[in-house]
Amino acid sequence: MMVLSTRGVMFERLIVIVGTTGGKEIDMALPKDFIDTNDFTKEQILAIEDLGLAMKKAIKVDGYYPHLLRNKSLGMIFQQVSTRTRLSFETAMTDLGGHAQFYGPGTIQLGGHESLGDTARVMGSLLDIMMARVDRHKDVVGLAEGSAVPVINGMSEFNHPTQEMGDLMTMLENLPEGKKIEDCTLAFIGDATQVCLSLMFICSKIGMKFVQFGPKGHQICDGALHVGTEEERAEFGKKLMEIGDENCKLSGGSIVISDDIECIKGADFIYTDVWYGLYDEEVEGENYMDVFYPKYQVTMDMMNFAGPNSKFMHCLPATRNEEVADEVMDDPERSLCWVEAENRKHSIRALLATLGARTPLNDEGVEYSAKAELHAALDKICELQA
């Protein structure tokens, strides 16, 4: 969605390998916080998606709102402007019977006069759950470490995990006929933004094939958006690829990164993001149009080259007729970006209900078509939290 540099990112990632089980994921309790999908198992991620789909059906088909966070409070910290993320969190919390409080840029202490740890401790005692969209990934990590209540990463310059969940939900709802999610290929077109990186994470975690079709110097293996010397970027890119490769060992997925358009042939989902960033003043370099246009613009010709039934996705906002042509974005059969935007709310609702201190559903005597699915999904979440 928004392209930021990774200056100041605190990159730590523990990869858990079970040496005697053939590379299978170990069973572990659900983490307290949602900072990075790499902290979760495939089973946990899919269970959260199942809960989101069940609640979506209950609300949209049956008109039944599951008040699983009745009278709970969500604190929303935004260091950047937001449309989809703010609306999704605020409406999702209302749907669950709770209340969301918005803290815009400059309205609260966040690592200024008061230490980040002290802010996290105070907010964690006043709220039931928090989300934060931050300039620097280390800040959302620090909030989670200092808070007694769950913290959700609403986007940092490193990753965008709630976008990943909405995108995965969209793909699960729009699987090609006869395919499972593990059989699908997502091809990302263009710059290695934090959305591109996040998609590599979720695709490799789930067992999909992930492709980045982008120019050299703007590929994940080049260091994504990390700001530094060539050597530092190369080392950062190596660490990012190690995460993806380890995920693939566990899931059976694969990763391809190339500047040859042949790499997108057979892709089920074509995805792109903007070519410019909020923090471009931090990086001196080429004009983005000179680098990406026209080779990396998603056109109907590119969609058809990938496959006659390929679907288009975009995290939004889009710069029309730059990274994507209008004919693709507005095509009622091929474009999923509007459904994808709505699914931000449905997937975030599931994250809140999973991580928050749930209140009783109290649906005895209430009949709705999604009831069995919702209860089964909640039972699975409870099992994973045990």
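Everything here concerns the structure above.
Please read all numbers here as calculations on a predicted model, not as lab measurements. (Residues numbered from 1 in each chain as written. Predicted model: local features only at pLDDT ≥ 70, side-chain atom pairs only at ≥ 80, totals over all residues. Heavy atoms only, no water.)

> Explanation requested: the sheet that holds strand 7 (residues 254–258) in the structure shown.
Two strands in a sheet stick together by hydrogen bonds in their backbones, pointing the same way (parallel) or opposite ways (antiparallel). With parallel pairing, five strands are arranged side by side in an open sheet as 7-6-5-8-9. Two strands lie at the open edges of the sheet, namely strand 7 and strand 9 (311–314), each paired on one side alone. Neighbour-to-neighbour, the strand axes of the sheet open up by a mean angle of 20°, direction not taken into account. Across four bridges, the pairing between strand 8 (residues 269–272) and strand 9 is parallel. Paired with Thr272 across the strands is His314, a residue of strand 9. (Pairing = 2+ DSSP bridges. Helix = DSSP H or I, 4+ residues; strand = E, 2+ residues; numbered from the N terminus. Axes fitted to C-alpha atoms, helices over the stretch in contact; angles between N-to-C directions.)

> Where do I start with the pairing of strand 7 in this structure?
Consecutive side chains of a regular strand alternate in pointing toward one face of the sheet and then the other. Summarising the sheet, strand 6 (residues 209–213) and strand 7 pair through five bridges and their orientation is parallel. Across the sheet, Val211 pairs through a bridge with Val256, a residue of strand 7. Note on the crossover from strand 6 through helix 7 (residues 230–251) to strand 7: the handedness is right-handed. (Right-handed = clockwise from strand over helix to strand, strands pointing away.)

> Would you mind showing me how to read the packing of helix 6 (residues 194–206) against helix 7 here?
In a packed pair of helices, the relevant descriptors are the angle between the two axes and the axis-to-axis distance. Orientation of helix 6 relative to helix 7, taken along the N-to-C sense of each, is 20°, at an axis distance of 7 Å. Taken together, the axis directions place helix 6 and helix 7 in an arrangement best described as roughly parallel. Of the residues in helix 7, those touching helix 6 at Leu197, Met200, Phe201, Ser204, Lys205 and Ile206 are Leu240, Met241, Ile243, Gly244, Asn247, Cys248 and Ser251. Grouping the amino acids of the contact of helix 6 with helix 7 by side-chain chemistry returns eight nonpolar, four polar and one charged. (Parallel < 35°, antiparallel > 145°, perpendicular 65-115°, else oblique. Contact = heavy atoms within 4.5 Å. Nonpolar A, V, L, I, M, F, W, Y, C, P; charged D, E, K, R; others polar.)

> Sorry if this is basic, but what is going on with the pattern of salt bridges here?
When the charged atoms of two side chains with opposite charge come close together, those side chains can pair. By the definition in use, this model includes 15 salt bridges. The salt bridge partner of Glu182 is Lys42, with a shortest N-O separation of 2.8 Å. Here Glu182 is found in the loop between helix 5 (161–173) and strand 5 (185–189), whereas its partner Lys42 is found in helix 1 (residues 42–60), with 140 residues between them in sequence. Given a relative accessible area of 29%, Glu182 falls into the partly exposed group. Put simply, Glu173 and Lys56 hold a salt bridge, and the shortest N to O gap is 2.9 Å. Linking Glu173 in helix 5 with Lys56 in helix 1, this pair joins segments that are 117 residues apart in sequence. Judged by its relative accessible area of 33%, Glu173 falls in the partly exposed class. (Salt bridge = Lys/Arg side-chain N within 4 Å of Asp/Glu carboxyl O. Buried < 20%, exposed > 50% of the residue type's maximum accessible area, 1.4 Å probe, protein only.)

> Which parts of the structure should I look at to understand the packing of helix 5 against helix 11 (residues 337–355)?
At a minimum axis separation of 8 Å, helix 5 and helix 11 run at an interaxial angle of 115°. One way to sum up the angle between helix 5 and helix 11 is to call them roughly perpendicular. As helix 5 runs across helix 11, the sense of the crossing is right-handed. Contacts between helix 5 and helix 11 involve Thr162, Gln163, Met165, Gly166, Asp167, Met169, Thr170 and Glu173 on the former and, on the latter, Val339, Glu340, Asn343, Arg344, His346, Ser347, Ile348 and Leu351. Taken together, the residues of the contact of helix 5 with helix 11 break down into five nonpolar, seven polar and four charged. (Left-handed = near helix turned anticlockwise from the far one by under 90°.)

> Explain unusual backbone geometry here, please?
Where the residue is not glycine, phi is negative for most of them; where a peptide bond is considered, it is trans in most cases. In this structure, the amide linkage connecting Tyr293 to the following residue, Pro294, adopts the cis form with an omega of 5°. Positionally, Pro294 belongs in the loop between helix 8 (288–292) and helix 9 (300–306). Of note, the bond from Leu316 into Pro317 is cis; its omega dihedral lies within 30 degrees of zero at 5°. With respect to the helices, strands and loops of the structure, Pro317 is situated in the loop between strand 9 and helix 10 (326–329). Despite not being glycine, Met155 shows a phi value in the positive range, around 140°. Here Met155 is to be found in strand 4 (residues 151–155). Among the residues examined, Met155 registers a relative accessible area of 0% and is labelled buried. Positioned with a positive phi, Asn362 is a non-glycine residue whose angle comes to about 55°. Residue Asn362 is classed as partly exposed on the basis of its relative accessible area, which comes to 47%.

> Any chance you could explain the sheet that holds strand 1 (residues 73–78) here in plain terms?
In space, the four strands of this open sheet follow the order 2-1-3-4, with parallel pairing throughout. Both edges of this open sheet fall to strand 2 (99–103) and strand 4, since each of them pairs with a single strand only. Along the sheet, successive strands turn relative to each other by an average axial angle of 20°, direction set aside. Of the pairings in the sheet, the one linking strand 1 to strand 3 (residues 129–133) comprises five bridges and is parallel in character. In the sheet register, Gly75 faces strand 3, and the bridge partner there is Met130. Sitting on the sheet, helix 2 (residues 84–95) touches strand 1, strand 2, strand 3 and strand 4, and the angle it makes with strand 1 is about 175°. Contacts from helix 4 (residues 137–146) reach strand 1, strand 3 and strand 4 within the one sheet, and its direction differs from that of strand 4 by about 165°.

Shape descriptors only; they carry no functional weight alone.
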